[in-house]
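# Remarks on the overall topology
This is what each chain is made of:
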Amino acid sequence: MQKGIPLTSSLFIMLTSCNHPSSVTVGYAGEDISRNASIIRDTGNGQVVLELKTDGKWELYAGPSVEKINLEKPVATGTSSGRYLPEIDTTTRNYFELVTPAGKAILAERRLPLQGSYNFRDLGGIRTIDGKYTQWGKVFRSDDMMHLTATDIHYLDQIPIRTVVDFRSEAEISQSPDKKISSATETYDFSITSGNITSLPFEDIARLSAQEADSLMRTVNRELVTDSRTIEQYKKLFVLLQEEDNTPLVFHCTAGKDRTGYGAYLFLSSLGVDEATCLQDYLDSNVYLAAKYGPYMEKYPDLKPLFEVRPAYLKTAIHQIKEQHGNVENYLTNVLEVDMDRMKQLYLY
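Overview of the structure.

## A word on the pairing of strand β3 (residues 37–41)
By the bridge criterion, five bridges tie β3 to strand β4 (residues 48–52) in an arrangement that is antiparallel. Paired with I40 across the strands is V49, a residue of β4. Count of turn residues in the β3/β4 antiparallel hairpin: six residues, of which G46 carries a positive phi of about 80 degrees.

## Points about the sheet that holds strand β14 (residues 249–252)
Strands sit in the order β10-β11-β14-β12-β13 across an open sheet of five strands; the sheet is mixed. This sheet does not close on itself; its edge strands, each paired only once, are β10 (121–122) and β13 (186–189). For strand β12 (residues 163–166) and β13, the ladder comprises four bridges, and the chain directions are parallel. Across the sheet, the residue bridging to D166 is D189, located in β13.

## With respect to unusual backbone geometry
Cis geometry is adopted by the peptide bond preceding P160, which originates at I159 and carries an omega value of -10 degrees. In this fold, P160 is placed in the loop between α2 (150–157) and β12. A cis geometry characterises the amide bond from T247 onward to P248, with omega recorded as 0 degrees.

## Quick word on the layout of surface pockets
Estimates place the volume of the second largest pocket at around 780 Å³. Surrounding the second largest pocket, 34 residues form its lining, S38, I39, A108, R110 and Y288 being those nearest its centre. Contributions of two or more residues to the lining of the second largest pocket are made by β3, β9 (103–107), α8 (275–283) and α9 (285–288). Broken down by element, the lining of the second largest pocket gets its largest block of residues, five residues, from β3. Taken together, the residues of the lining of the second largest pocket sort by class into 14 nonpolar, eight polar and 12 charged.

## Side note on the packing of aromatic side chains
Inspection of every chain in the model, using the stated rule, returns 13 aromatic pairs. Considering the side-chain rings of Y188 and F190, the 5.6 Å spacing of their centres and the 40 degrees angle between planes classify their relative orientation as tilted. Put simply, the rings of F167, Y234, F251, Y262 and Y265 touch in pairs and so form one group of aromatic residues.

## Observations concerning the side chain of D157
Tracing the backbone through its elements, the reader meets D157 in helix α2. Buried charge without a partner: D157 forms no salt bridge, and the closest opposite charge is K180, 8.4 Å away.

## Some words on helix α6 (residues 228–241)
Across its 14 residues, α6 extends 20 Å between first and last C-alpha, which sits within 8% of the 20 Å expected from 1.5 Å per residue. Residues of α6 that are buried include every one of T230, I231, Q233, Y234, K235, L237, F238, L240 and L241, and no others.

## Side note on empty space enclosed by the protein
If you walk through the whole model with that rule in mind, you get one cavity of 30 Å³ or more. Roughly 30 Å³ of volume is contained in the largest cavity. Residue lining of the largest cavity: R41, V48, I88, T92, R93, N94, F96, E109 and Y155, and that is the complete set. A class-by-class count of the residues in the lining of the largest cavity yields four nonpolar, two polar and three charged.

Definitions and limits used
- Residues numbered from 1 in each chain as written.
- Predicted model: local features only at pLDDT ≥ 70, side-chain atom pairs only at ≥ 80, totals over all residues.
- Heavy atoms only, no water.
- Pairing = 2+ DSSP bridges.
- Helix = DSSP H or I, 4+ residues; strand = E, 2+ residues; numbered from the N terminus.
- 1 Å grid on protein atoms, 1.4 Å probe; cavity = no way out; pocket = protein on both sides within 12 Å on 5 of 7 lines; lining within 4 Å.
- Points joined across faces, edges and corners; volume = space filled by probe spheres on them.
- Nonpolar A, V, L, I, M, F, W, Y, C, P; charged D, E, K, R; others polar.
- Phe/Tyr/Trp six-rings, centres within 6.5 Å; stacked < 30°, edge-to-face > 60°.
- Buried < 20%, exposed > 50% of the residue type's maximum accessible area, 1.4 Å probe, protein only.
- Lys, Arg positive; Asp, Glu negative; His and termini not counted.
- Salt bridge = Lys/Arg side-chain N within 4 Å of Asp/Glu carboxyl O.
- Expected span 1.5 Å × (residues − 1).

So this is what it looks like as structure tokens:
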């Protein structure tokens, strides 16, 4: 791993200082370089790491928001692929502009580095079929937030999270109330019973075979599309999303994989993200929730379908949408009453 600004890049800085940053503006341009660049968190030492594959010179800039990325001074530079440690404050959220000869892109950590949440993710930086990108720092998805630490809350306050949407049932909320995010001025309980496996008696759940558990999850995802009360809750989510003052917004349930996973699919679909990319975002929950639910899956292997997401589950919901409404655009427009143009205006670069 190379740290900060490598010494070998000092000549590059001098040679290019006349060209930057006056010719640079924050945004996306040129090739889709975000496919070969990512910002991750080293779980061992907590450092923010840029992982990059490139053949040419590059510069990385940073700021506390996309609008406040400082283009006057790079936090890391280089001339080759590698792992780099940007010179930043790692205790607060940062957004980055990566500039290369091939193009430029905005980067940030996908999963937020919270101690008390496993699946808190930024839905920004995702490419649409039209070559645009979802905006960073506007909409987040998460699992429950009852274990957020004071450090976590401070981190979220710096974003700052303004609106929290909770899809959990009243019983779930009562049993595991969220910690209050200080910056959040509004919290909405849009309870969705479909996907709330905890509502079933544990003795009934424990008796399920692997096949029955799998069948249950398919039923759950079908109901997310067809249940009238559930439809109303997702409609209310989109009402909030279509008012800019409500963002940054986070929506969540208990695991952040089923009710929230379907909500993320609807959100990304409303912006023109293709089905395969939406599915990958959905499946990423398996990575982030492995530590949370791994012990349960080891103890109850037949119940593994309840603790993970599988392509067939989301595809069950998508099939139901297409069977009833032709395509997801019709469902969003005619059933959830989403203004697609408004969504794209608000959430795309």
